[in-house]
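Given next are the chains, with one letter for each unit.
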Amino acid sequence: MKFLRRLFSRLSVVKELFSFFWQNRLWWMIPIVLVFLLLGALIIFAQSSAVVPFIYTLF
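Throughout what follows, the structure given in this document is the object of discussion. The structure displayed is predicted, hence computed values, not measured ones.

Definitions and cut-offs
Starting afresh in each chain, residues are numbered from 1 along the sequence in its written order. The predicted nature of this model means local features are confined to residues of pLDDT at least 70 and side-chain atom pairs, given and counted, to a pLDDT of 80 or more, with totals for whole chains, interfaces and linings taken over all residues. Neither water nor hydrogens contribute to the side-chain values; these are computed over all heavy atoms in the structure. In this text, helices come from DSSP runs of H or I with a minimum length of four residues, and strands from runs of E with a minimum of two, each type numbered from the N-terminal end. Residue exposure (1.4 Å probe, protein chains only): buried if accessible area is under 20% of the type maximum, exposed if over 50%, otherwise partly exposed. Exposure was quantified through the Shrake-Rupley algorithm and a 1.4 Å probe, taking into account, for residues, occlusion by the shown protein chains and nothing else. In this scheme, patches are assembled from residues that exceed 30% relative accessible area and form no salt bridge. Like charges are connected within 9 Å, while nonpolar side chains (Val, Leu, Ile, Met, Phe, Trp, Tyr) are connected within 5 Å. Salt bridges, as used here, are contacts in which a Lys or Arg side-chain nitrogen is within 4 Å of a carboxyl oxygen on Asp or Glu. Here the positive residues are Lys and Arg and the negative ones are Asp and Glu; neither His nor the chain ends is included. Where a charge lies is defined by one atom per residue type: Lys uses NZ, Arg uses CZ, Asp uses CG and Glu uses CD. Side-chain rings of Phe, Tyr and Trp, where Trp is taken by its six-membered ring, are said to pair if the distance between their centres is within 6.5 Å; with planes under 30 degrees apart they count as stacked, over 60 as edge-to-face, and otherwise as tilted.

A separate point is the overall build of the protein chain. Assigned secondary structure in the protein chain consists of 3 helices and 0 strands. Start at the N end of the protein chain and walk to the C end: the helices and strands fall as α-α-α. When the 59 residues of the protein chain are sorted by exposure, 8% land in the buried category. For the protein chain, the accessible area works out to roughly 5600 Å², and carbon and sulfur atoms hold 74% of it.

Here's what the structure looks like:
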């Protein structure tokens, strides 16, 4: 239960960040942040040994 609370609080931070970009017309920053988020997710999922062989083929 605590894990879900932390996950939703982090997602709300990301949601607020994108709404800030949208309101201040910083649309060009949205793809940059999305790439950083995807790379972060890739690093988190890379800690699992089952995913490692697929990541070697990307780089």
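Time to look at unusual backbone geometry. If you check the backbone angles, R25 has positive phi at about 55 degrees while not being a glycine. Among the structural elements, R25 can be located in the loop between α1 (2-23) and α2 (30-46). Classification of R25 by relative accessible area gives exposed; the value is 59%.

For the rest of this paragraph, the subject is a nonpolar patch on the surface. A surface patch of nonpolar side chains, amounting to about 540 Å² of accessible area, comprises W28, I32, V35, F36 and L39. As for its position among the elements, L39 is in helix α2.

This part takes up a positive patch on the surface. On the surface, K2, R5, R6 and R10 cluster together to form a positively charged patch. In this structure, K2 sits in helix α1. Take K2: its relative accessible area is 67%, and that puts it in the exposed class.

This brings us to the packing of aromatic side chains. As enumerated under the stated definition, the model contains 3 aromatic pairs in all. Measuring from ring centre to ring centre gives 6.1 Å for F20 and F21, while their planes differ by 50 degrees; the resulting arrangement is tilted. Residue F20 is classed as partly exposed on the basis of its relative accessible area of 42%. The exposure class assigned to F21 is buried, which follows from its relative accessible area of 5%.

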